[in-house]
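Observations on chain architecture
Letter by letter, the chains look like this.
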Number of protein chains: 2
Amino acid sequence: MRIQHMHTTPIYPLDPWQIIETEATRAEFARNATLFALANGTLGVRGALDNNEGDAAGTFINGFYESAPLHYPENAYGFARESQTMLKVAEAAEVRLQVNGEWVSPTQLAAHRRTLDMRAGTLTTEQTLSVNGQTLTYRSVRLVPWAASALFVQSITITSHDFSGEVKLWSRINADTRLKKVSDDPRVGSHLQGQLFDVSKQPFDAHTIEFEQATRRSGLALACAVTHVSAPLVVPEHPDDLPTEETFVYTYRLQPGETIQLDKYASYATTLQHPRDYLQSAATQGVQAALMQGVDALIAQQRADLDEFWQVADVRIDGDDALQQGIRFNLFHLFQSVGRDGRTNIGAKGLTGEGYEGHTFWDTEMYVIPAMVHTQPQIVRQLLTYRYNTLDRARQRARELGHKKGASFAWRTINGDECSAYFPAGSAQYHINADIAYAVQRYVTVSGDVEFMQTMGAEILIETARLWMDIGSYIEGRGFCICEVTGPDEYTALVNNNAFTNWMAQANLRCAVQAVDALKSDAPDVYDALRTRLSLLDDEPAQWAQAADQMFIPYDAERDLYAQDDSFFHKPIWDFANTPAEHYPLLLNYHPMVIYRHQVCKQADLVLALYLLGDQFTTEQKRRHFDYYEAVTTHDSSLSACIFGIVAADIDDMPTAYEYFIATARMDLDDTHRNVKDGVHIANMAGTWQCVVNGFGGLRVYHDMLRLRPRLPEPWQGYAFNVFFRGAVLRVEVDARGTTYTLLQGERLSFLHGETEVTVQAGQPLHRPQSAL
Amino acid sequence: MRIQHMHTTPIYPLDPWQIIETEATRAEFARNATLFALANGTLGVRGALDNNEGDAAGTFINGFYESAPLHYPENAYGFARESQTMLKVAEAAEVRLQVNGEWVSPTQLAAHRRTLDMRAGTLTTEQTLSVNGQTLTYRSVRLVPWAASALFVQSITITSHDFSGEVKLWSRINADTRLKKVSDDPRVGSHLQGQLFDVSKQPFDAHTIEFEQATRRSGLALACAVTHVSAPLVVPEHPDDLPTEETFVYTYRLQPGETIQLDKYASYATTLQHPRDYLQSAATQGVQAALMQGVDALIAQQRADLDEFWQVADVRIDGDDALQQGIRFNLFHLFQSVGRDGRTNIGAKGLTGEGYEGHTFWDTEMYVIPAMVHTQPQIVRQLLTYRYNTLDRARQRARELGHKKGASFAWRTINGDECSAYFPAGSAQYHINADIAYAVQRYVTVSGDVEFMQTMGAEILIETARLWMDIGSYIEGRGFCICEVTGPDEYTALVNNNAFTNWMAQANLRCAVQAVDALKSDAPDVYDALRTRLSLLDDEPAQWAQAADQMFIPYDAERDLYAQDDSFFHKPIWDFANTPAEHYPLLLNYHPMVIYRHQVCKQADLVLALYLLGDQFTTEQKRRHFDYYEAVTTHDSSLSACIFGIVAADIDDMPTAYEYFIATARMDLDDTHRNVKDGVHIANMAGTWQCVVNGFGGLRVYHDMLRLRPRLPEPWQGYAFNVFFRGAVLRVEVDARGTTYTLLQGERLSFLHGETEVTVQAGQPLHRPQSAL
């Protein structure tokens, strides 16, 4: 099916760098709290209203989770045993306003405006209050500084225009944070209910409080230190004395023309980074360091950090403000949520909501990394380091699954252990191992980071290659077959020879052979050490090569098409004509068995291989496969549209590519999947970048060579993006006349423009007319 | 694999009619409580020791269950929502003995003997106690009268040989009965824990108590009335006053030569049969009616009822006491557990234990009914009436699964609603619909019960046929295909075109066509009413016939074999050589995905079709398929051995058939699966009868004609069994000289002896020499 993009009116006014909310609407508190979230890869703070009306708040720390036993009504051997759920940690982002003893709600104001400024990295609230005909203004700026570890800063100023009276700010910290209940929607909700933490509270001074939260099962703990700076200096009251929360009430008398300011600093320190004994002092140091800088300096630093980010990451679109806003919004959230310390990753919803329990999936390697590797390769290294750090758990999981050798990475996880409680759409997705291998190879190719390959990458490649040898087997008359797996398409489960999986496994096996060969010749000592540590037998690489060469891919001669799996063409096509629109997504309306019984795809599966392994297919092949599989794909997954868009561009169907691009670029901003309340769709956000750069821009890396093939979508005047490759940063500007390449970093870079090799040198922009493609 | 029958020493002495325990061994309390269970199809009482040492007791009422919400760690649309668990109801079968103030344990006696008498239908305990050199004897007889509804009777006599002193009998009734905890073994344990009932207690007189137990969710309730008759008459004490239990303490002074007797009667009445208000009076009437008969009369009546049962049901084996004992034990338990009121069925463990939560599976139609239809056709009618009574629930379930027409019977259930919480080995086993249709057809053929067909059977056939039309579809170049189902073999799940399923569906469709044709011509009014009620379209039967004719069966030309499913031969064969013996059953040692990935069968699947639909295959075909599939079958299911035994006999491999028969006949009695503690294996028990009669005896019903082809297994001198067919009962006696047929009931019966039609008339036995086959 062609994607059903609803050309809805944008929720927020179009603006190239800002998302502006001009009305506080109760029904949309949760959605907006997701969209206005701030984060820095470690700490995420949902953009609930300052007074947390509607209880849409949530503060997350990347990698900080609670576990619980998984109970199956019918159990079986090897099922994942423990869940992991990203926790809402101590909530500090709540300040309620009282004027002359009356609570003020943003829904009842003379004016309300919140601005997420994607260049400044701040969320600003501006409100005008009318009290008995007297006016005062409320302004707050929030930020989660990118330069700090886990710091939340909020600065509130209240100015009286002609108001005389009392203003109170109730600044609350709640350490008894709880999670959403499970619902019928399998994508959201946790089985962890009730109080989740053992909480202790240490009053520090009149303006400062510290909480410690310890989980009951996962063994994690954190300290949260919160302090305030008030001008004029007033001593707050502490009206309640609950052991799990604290409220500071600052009371001011305001006269016309006067302004008061209250700054709030919250710093978190966890046992993910610090010894337990050191938590409080680390948290305290966090607020003290911030206090010494002060709000203005922190805001300035944030702007500088963001300027640096956009310098490389920005994608400019000329001629469509909606898409321009959409893609920047997506890149902003992607970068905000991504872990960058080698111990954390990025969840399917980033740090913006509770959806999917904060779990990391293949989204990282197939969606986030292919985008980020060309703008933030240093972060990609950290994401892959995270995987390397979970390798022992993946080996352990492989043994549980009965595999004698190799490692089986978790389908969904926070700490590396498998948390997938429905294996047909979970652990059966063995392709994640090849996906990780693909990302390793891609990262090393783009970055030239041989050191990573030698210290971590090769081991990942070897252990994943070994797993395929144990899952797969030679079947007489067919070749090397991989049975009983689920491919990316979760509407088809537990099949034999999923083409995507087999192709990716083939690439995985070949990369492993290359990695071993390279180690042998370039770093024999490293190789010897690794061989010993992994008990690598001399004939293993040859076995990998043979399995790769004999890899079986199901092919239907009559249709002249590869089959998504052995059985795909032997199933009836879903009756799309008689499926009402409200029955999508199918997964919420049909039993899995009914869905599995049909030719119907949730998302790109074989089509994803057409993109990732594009040099293995002719354009004509791609066209035929795109047409066939598009017709049976519902795009019920948010991971689908971007891939179809890229492949549509690849086969030069630019109108179709453009339609898919629209769906990706504003998916969350327009809430087209109607579940932004649970968090943004991170994979799609990264997919948006790929849609532009790999789609319209035609970026590929084949045989260690960068290739670009930029085309201009008809509705645009032009667009521009930057590409990191081997230490160089190439600026690519496209308009109706053609493409201009400029080297922003590096001395020279050779690459393919279309099929022609070109070289661009520092200071010498290169122009290629459209006709040259 | 050939079945791994361990030729263990029998646990109990060999005896043709009795199971005798001569030692009370703590480690085997639970196993023996299963084996010594007594039941009458409504009430089941485990054979725990009288003093319930080791807490192995359990009293069950057929169809009496509690439900609970099923919670899935990852939920999906259409998953079964509620569990059902057969409950342990008020436990009345406990009497503890105190002699001179000391508790007496059966593990410390001078002599202990318990006898399950399969002709008498009683469990007798005989113990000799030595107290300070003085001797007394304890004797109790238990029975669950077949002639009553839900009555348990126990008569205890204690005789002093030369003992003088005090004897106390503590008769306890516990109404706070609880279930086993879940374990890692998916086959046992319930999620219902803690107190399960709201209990009320009504003291009646000094000897009598009544409890009412009401479930909290399923809406069921029962009353249990218990009374005692003591000789000499003493007034019991009531030492505790718990609201959920009651103990009667009868104290006697015994002198040498004296005997005391205490009879205990417990009667149950449930809302399955009575209005709630009437429960207590129904239970009271139950004990009063029993009291009026008295223990001796009840025992005599029980013996008479059993004589009548064995008259037809008995299978005699000459020359192997172990097998003789085994088959009688199996038939005894089968008949004890089977529901016979049209509202209840038979669980996989009968009324003997908590395994599989008391659920009814396809075992009824494929194992119990094919045996019982030739000995107790009136009970088969009731079992199928039970299915008919669940037809509305099955229609509802079909709608939940997205099927527009037809009915989908529950894979596992008590009340008819689907309770399967792991659909790949549950709801995906759509074949249960065809199995039920097969049993309907078989019952009507054997019984000639046209009235059943017209009032119930035809509707079942039509609704199941309709379901196949909605599950299946025509696939270009293949025919009518049925995708995404699981066949009987649970080591292969969610496959396309499981051959067994497709063959059985084909038969189902054809039976439905025949049923409609017969109704049209024989009972047009009934047909019209049914057509209207089911909105049956005129062209539906023709569509069924066409689908049946074009049914696709996967076939491998190179191997010249039908494949168990489309993909079966494309998977690697399980590495049996490197699987240690302790890794069986595989399901307790490997992830389902790993098992599914291989050619390995838990049980007979395609081989079952060779038996059920035997006229569709040549003997040579059967041989080749038997050989291939036997080699990849572990028989990890207790449903496997009997089917392989029958087919082995069919292909005249009598030694192999004999080996499988041994495995079936003494499976529970020798506890070869090591889980008898959780209940007997009902399907296998019925399979034992089939192994003899359908296997060695060669009984089949093809094209409405009974066929026998009796052969004598080498180790036996002879065997005999009876076969009901169309109102006649044929006695079949086989020995080395040949077969003698005698008509026990009916005037004449024509049938095939081998391939020759013969007729036997009343009073004129017919002998056929072995050579005539």
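Quick notes on the rules
Residues numbered from 1 in each chain as written. Chains lettered and ligands numbered in written order. Predicted model: local features only at pLDDT ≥ 70, side-chain atom pairs only at ≥ 80, totals over all residues. Heavy atoms only, no water. Helix = DSSP H or I, 4+ residues; strand = E, 2+ residues; numbered from the N terminus. Rg over C-alpha atoms; globule rule 2.2 N^0.38 Å. Buried < 20%, exposed > 50% of the residue type's maximum accessible area, 1.4 Å probe, protein only. Contact = heavy atoms within 4.5 Å. Buried area = accessible area lost by both parts, 1.4 Å probe. Salt bridge = Lys/Arg side-chain N within 4 Å of Asp/Glu carboxyl O. Polar contact = N/O pair within 3.5 Å; in protein donor to acceptor, adjacent residues only side chain to side chain. Nonpolar A, V, L, I, M, F, W, Y, C, P; charged D, E, K, R; others polar. pLDDT = per-residue confidence, 0-100. Least-squares fit on C-alpha atoms with pLDDT ≥ 70 in both. Pairing = 2+ DSSP bridges. 1 Å grid on protein atoms, 1.4 Å probe; cavity = no way out; pocket = protein on both sides within 12 Å on 5 of 7 lines; lining within 4 Å. Points joined across faces, edges and corners; volume = space filled by probe spheres on them. Axes fitted to C-alpha atoms, helices over the stretch in contact; angles between N-to-C directions. Core = buried A, V, L, I, M, F, W, Y, C linked by side-chain atoms within 4.5 Å. Expected span 1.5 Å × (residues − 1). Phe/Tyr/Trp six-rings, centres within 6.5 Å; stacked < 30°, edge-to-face > 60°.

**Some points on the overall build of chain A**
Scanning chain A for helices and strands turns up 18 helices and 30 strands. What you see for chain A is a C-alpha radius of gyration of 27 Å, in line with the 28 Å of a compact globule of 773 residues. Taken over the C-alpha atoms alone, chain A extends approximately 85 × 60 × 60 Å along its principal axes. The burial tally for chain A puts 67% of its 773 residues in the buried class.

**Some thoughts on the interface of chain B and chain A**
Listed by partner, the interface residues are 50 residues for chain B and 49 residues for chain A. Summing both sides of the interface, chain B and chain A together bury roughly 4500 Å²; the carbon and sulfur share of this comes to 61%. Of all residues in chain B, the largest losses of buried area upon contact with chain A belong to B:Pro73, B:Glu74 and B:Arg597, amounting jointly to 16% of the total for that side. The tally of links between chain B and chain A comes to 4 salt bridges. In this structure, A:Glu74 engages B:Arg412 in a salt bridge whose closest nitrogen and oxygen atoms are separated by 3.4 Å. There are 14 residue pairs in polar contact (both at pLDDT 80 or more) connecting chain B and chain A. Secondary structure elements with two or more residues in the side of chain B that touches chain A: strand E19 (473-475) and helix H13 (592-596) of chain B. Per element, the largest residue contribution to the side of chain B that touches chain A is 4 residues, and it comes from H13(B). Of the residues that constitute the side of chain B that touches chain A, the class distribution is 27 nonpolar, 14 polar and 9 charged.

**A closer look at the side chain of A:Glu540**
Residues and elements named next belong to chain A. Mapped onto the secondary structure, Glu540 falls in helix H12 (residues 540-549). Looking at Glu540, its side chain comes within polar contact range of the side chain of Arg466, at 2.8 Å. Each residue touching Glu540, except ones within four places of it in the same chain, is listed here: Lys405, Arg466 and Ser535.

**Overview of the confidence of the model for chain A**
Low-pLDDT stretches of the model should not have their predicted coordinates read in fine detail. Confidence in the prediction for chain A averages 95 pLDDT; 98% of positions are at 70 or higher. At the level of chain-chain contacts, confidence expressed as ipTM amounts to 0.93, with global pTM at 0.95.

**Brief notes about the relation of the copies chain B and chain A**
Superposition of the two copies of the chain requires a rotation about an axis and a shift along the axis. Here chain B sits on chain A after a turn of 180 degrees about the axis and a move of 0.1 Å along it, with an RMSD of 0.1 Å. Taken together, the rotation angle and the small translation identify this as a two-fold axis. Measuring from the rotation axis to each C-alpha of chain B, the shortest distance belongs to B:Tyr72, at 3.1 Å. Most of the interface of chain B is mirrored in chain A, where 98% of its interface residues are also at the interface.

**Some thoughts on the pairing of strand E24 (residues 705-708) of chain B**
Residue and element names in this part refer to chain B. Pairing between strand E23 (residues 700-702) and E24: 3 bridges, direction antiparallel. Within E24, the residue paired with Arg700 across the bridge is Arg707. Here E23 hands over to E24 after 2 residues, with His703 in that stretch at a positive phi of 50 degrees. Where E24 and strand E28 (residues 748-753) come together, 2 bridges link them in parallel fashion. Note that in E28 the partner of Arg707 across the bridge is Leu752.

**Digging into the layout of surface pockets**
Residues and elements named next belong to chain B. In this structure, the largest pocket spans a volume of roughly 850 Å³. Forming the walls of the largest pocket are 32 residues, and the residues nearest its centre are Gln441, Thr445, Cys511, Gln514 and Asp704. Elements that contribute at least two residues to the lining of the largest pocket include exactly helix H8 (431-447), helix H9 (450-471), helix H10 (499-522) and E23.

**Details of the sheet that holds E28(B)**
All names here are of chain B. Pairing is mixed across the open sheet formed by 4 strands, whose spatial order is E23-E24-E28-E29. In this open sheet, the two edge strands, each paired with only one partner strand, are E23 and strand E29 (756-761). This sheet shows a mean twist of 40 degrees between the axes of neighbouring strands, independent of strand direction. As defined by bridge partners, E28 adjoins E29 across 6 bridges and the pair is classed as antiparallel. Pairing of Arg748 across the sheet is with Gln761, part of E29.

**Digging into the nonpolar core**
General note: in soluble globular proteins, nonpolar side chains tend to be found buried as a group. A:Tyr268 and B:Tyr268 are the most contacted members of the largest nonpolar core, which has 489 residues in total. Broken down by element, this core gets its largest block of residues, 13 residues, from H10(B). Apart from the residues within four sequence positions on either side, A:Tyr268 is in contact with A:Leu43, A:Thr59, A:Ile61, A:Val89, A:Ala90, A:Ala92, A:Ala150, A:Leu222, A:Ala223 and A:Cys224.

**Thoughts on the environment of A:Gln564**
All names here are of chain A. Relative to the assigned elements, Gln564 resides in the loop between strand E22 (561-562) and helix H13 (592-596). The class for Gln564 is buried, based on a relative accessible area of 1%. Each C-alpha atom, one on Gln564 and one on Gly219, is 43 Å from the other, the two residues being 345 residues apart in sequence. Excluding residues that lie within four positions of it along the chain, Gln564 makes contacts with Asp489, Thr492, Asn497, Asn498, Ala499, Cys601, Asp605, Leu606 and Tyr629.

**With respect to helix H4 (residues 321-337) of chain B**
Residue and element names in this part refer to chain B. Here H4 is 17 residues long and its end C-alpha atoms lie 24 Å apart, about the 24 Å a rise of 1.5 Å per residue gives. Across the 17 residues of H4, 16 count as buried, placing the element largely inside the fold. The residue sitting at the N-terminus of H4 and contributing the capping side-chain oxygen is Asp320; that oxygen lies 3.1 Å from the backbone nitrogen of Ala322.

**As for the packing of aromatic side chains**
The geometry of an aromatic ring pair is captured by the separation of the ring centres together with the interplanar angle, meaning the angle of the planes. This structure, assessed with the given rule, holds 79 aromatic pairs over all chains. Chaining the aromatic ring pairs together yields one cluster made of A:Trp17, A:Trp146, A:Phe309, A:Trp310, A:Phe332 and A:Phe335.

**Here we look at the sheet that holds strand E6 (residues 91-99) of chain A**
Spatially, E7-E6-E12-E16 (chain A) is the arrangement adopted by the 4 strands of the open sheet, whose pairing is antiparallel. Whereas interior strands pair on both sides, the edge strands pair on one side only; in this sheet they are strand E7 (102-103) and strand E16 (245-254) of chain A.

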